[in-house]
Amino acid sequence: MEFICDMLASRVVFGVGSLKRLPEELDRLSLSRVLVFSTPEQRDHAEQVVALIGSRAAAVFDRAVMHVPTETQSLALAEVKRLGVQGGIAIGGGSTTGLCKALALEMDFPFVAIPTTYAGSEMTPIWGLTAEGAKRTGRDARVRPRTVIYDPTLTLSLPVQLSGTSGMNAIAHCVEALYAENANPVASLMAEEGIRVLAQNLPRIAHSPANLEVRTEALYGAWLSGVALGSVGMALHHKLCHVLGGSFNLPHAETHTIVLPHAAAFNLPVTPEAHARTARALGADEPAQALYDLLISLGAPPALKNLGMKETDLDRAAQLATRDPYYNPRPVTEPVIRTLLDNAYHGRRPTPL
Ligand code: NAD
C-alpha cells in the first residue's frame, strides 16, 4: 500500500444546538468584529447569528448567490473594508461559504462556516468564481474556514426536495473520492460511510423532514463527504456538473443528482474497489442502478430536460467536457460522453457505455 494523505481539516463543532457555541468559537479565534454573510433567502438565519453574538456583528451582508459572481465578491470586499471587520461568519449553503472563500483569496479573512445544506464546501480548500458566464475553480489552503459549526437544527428548514438533491450532491463527492487519482484509505473510509449514512437517511427526510435525529445523521454524512471532497481530486462526474452548471446555468444540486447514476455507470465497472465499496454502502449489487432508484425515491427531477436544458446544447456540453485533459479512471471521448449526456438529458436508467 502506498499513499499520500493530506487532510488539513478545519476545527469542527458538531451537534444539535451547537450554534450557541459560536461566541466561544469567536473568542478562540480572537474575532471581536465580524460581518455575517447569507443569501437573501436566509436573512433570518443571519439575524439569528446577530442575536447570538450581539455587538460583535458589524452588519449582515445578505447578497450571496450561486457560483460567486466576481461582482458580488467585489461588493463584499468593499463592505469588509468599509466596516473594518476582522473576519466573517458564513451561514448557509455552498453559495454563502463560497463568498467567504472568495474574500479569503484576496486578503487575510478568517471566517466561521455554519453550513445549512449538505454540499460540503465548508470542508474543502476549493474556491470558485464566475465572470462573464465562465466559472473558474482552484484549490488554495487559505480559503478553508477556521472553524465549522454543524448544527442540524438549522437544516430543518431546508426544503424537502433540496434536502434530497443536496444529499445526492454529497453522495457524488463520496463516489468520486473512491476512484480518485489520489484516493487514500482514510478518505475512502469516510466516503463509504458517507454514502451509507446519506442513502439511508435521505429517504427518511423525504418522509419526515422535521425529524432531528434523521437530520443529524444526514449532516454527519455531509461532513464525511466534504472531507472526502476536500482531500482528494475529482473526475468525470464533477467535470460534467461543472460544465453544465457553469456554461448552461443549470442548478447545482439537481444537476449532480441527475448526472451521478450515469457517471457511476461509466466509471465503476473499471474501478473494482470503488464498485465494491459503493455497492456495500448502498446495499445493492448494481450501485449505479441503486443511485438512480434513490433519485426516483426522493422525488428529484430525473432528467436534464426537467432543469430547462436545451437538447441542442448537448453537443456543445460534450465538447466542453472533453476538450481539456483531466484525470478519469476510464478514458473519455466526445461520442461516449455525448451518449451519457443524452441518457441524462432524457432521464433514462443508466446503462453501461
Ligand atoms: P446554496 O448555498 O446555493 O443554497 C440554495 C438555496 O437554499 C439558497 O437560496 C439558500 O439560501 C437556501 N438554503 C440553504 N440552506 C437552507 C436552509 N437550511 N433552510 C432554508 N433555505 C436554505 O446551495 P448549495 O447546493 O449548498 O451550494 C451550491 C454552490 O456551492 C454552488 O455554487 C457550488 O459550486 C458550490 N459548492 C462548492 C463546493 C466547494 O468545495 N468549493 C462544494 C459544493 C458546492
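Residues numbered from 1 in each chain as written. Predicted model: local features only at pLDDT ≥ 70, side-chain atom pairs only at ≥ 80, totals over all residues. Heavy atoms only, no water.

K.L.:
Looking at this model, I keep getting lost on the packing of helix α6 (residues 185–207) against helix α10 (residues 272–282). Mind explaining?
P.N.:
The description of two packed helices rests on the angle between their axes and on the distance between the axes. Viewed as axis vectors pointing N to C, α6 and α10 meet at an angle of 30 degrees, and their least axial separation amounts to 8 Å. When the interaxial angle is binned, α6 and α10 end up roughly parallel. When the axes of α6 and α10 are compared, the crossing they make is right-handed. Side by side, α6 and α10 meet where Ser188, Leu189, Glu192, Ile195, Arg196 and Ala199 of the first sit next to Arg277, Thr278, Arg280, Ala281 and Leu282 of the second. Residues of the contact of α6 with α10, tallied by class, amount to 5 nonpolar, 2 polar and 4 charged. (Axes fitted to C-alpha atoms, helices over the stretch in contact; angles between N-to-C directions. Helix = DSSP H or I, 4+ residues; strand = E, 2+ residues; numbered from the N terminus. Parallel < 35°, antiparallel > 145°, perpendicular 65-115°, else oblique. Left-handed = near helix turned anticlockwise from the far one by under 90°. Contact = heavy atoms within 4.5 Å. Nonpolar A, V, L, I, M, F, W, Y, C, P; charged D, E, K, R; others polar.)

K.L.:
Looking at this model, I keep getting lost on the domain arrangement of the chain. Mind explaining?
P.N.:
Many descriptions give the size of an interface as the accessible area lost when the pieces come together. When the domains of the chain are assigned, the result is domain 1 (11–155) and domain 2 (160–346). Just the C-alpha atoms count here: the centres of domain 1 and domain 2 sit 25 Å apart. With 23 residues of domain 1 in contact, the opposing surface of domain 2 contributes 29 residues. In total, domain 1 and domain 2 occlude about 2,000 Å² of area from one another, counting both sides; carbon and sulfur atoms represent 66% of this. Our count for the contact surface shared by domain 1 and domain 2 stands at 0 salt bridges. For the interface between domain 1 and domain 2, the tally reads 8 residue pairs in polar contact (both at pLDDT 80 or more). Secondary structure elements with two or more residues in the side of domain 1 that touches domain 2: β1 (11–14) and β7 (134–139). Per element, the largest residue contribution to the side of domain 1 that touches domain 2 is 3 residues, and it comes from β7. When the residues that make up the side of domain 1 that touches domain 2 are grouped by side-chain class, the tally is 11 nonpolar, 8 polar and 4 charged. (Domains from an automatic or database assignment. Buried area = accessible area lost by both parts, 1.4 Å probe. Salt bridge = Lys/Arg side-chain N within 4 Å of Asp/Glu carboxyl O. Polar contact = N/O pair within 3.5 Å; in protein donor to acceptor, adjacent residues only side chain to side chain.)

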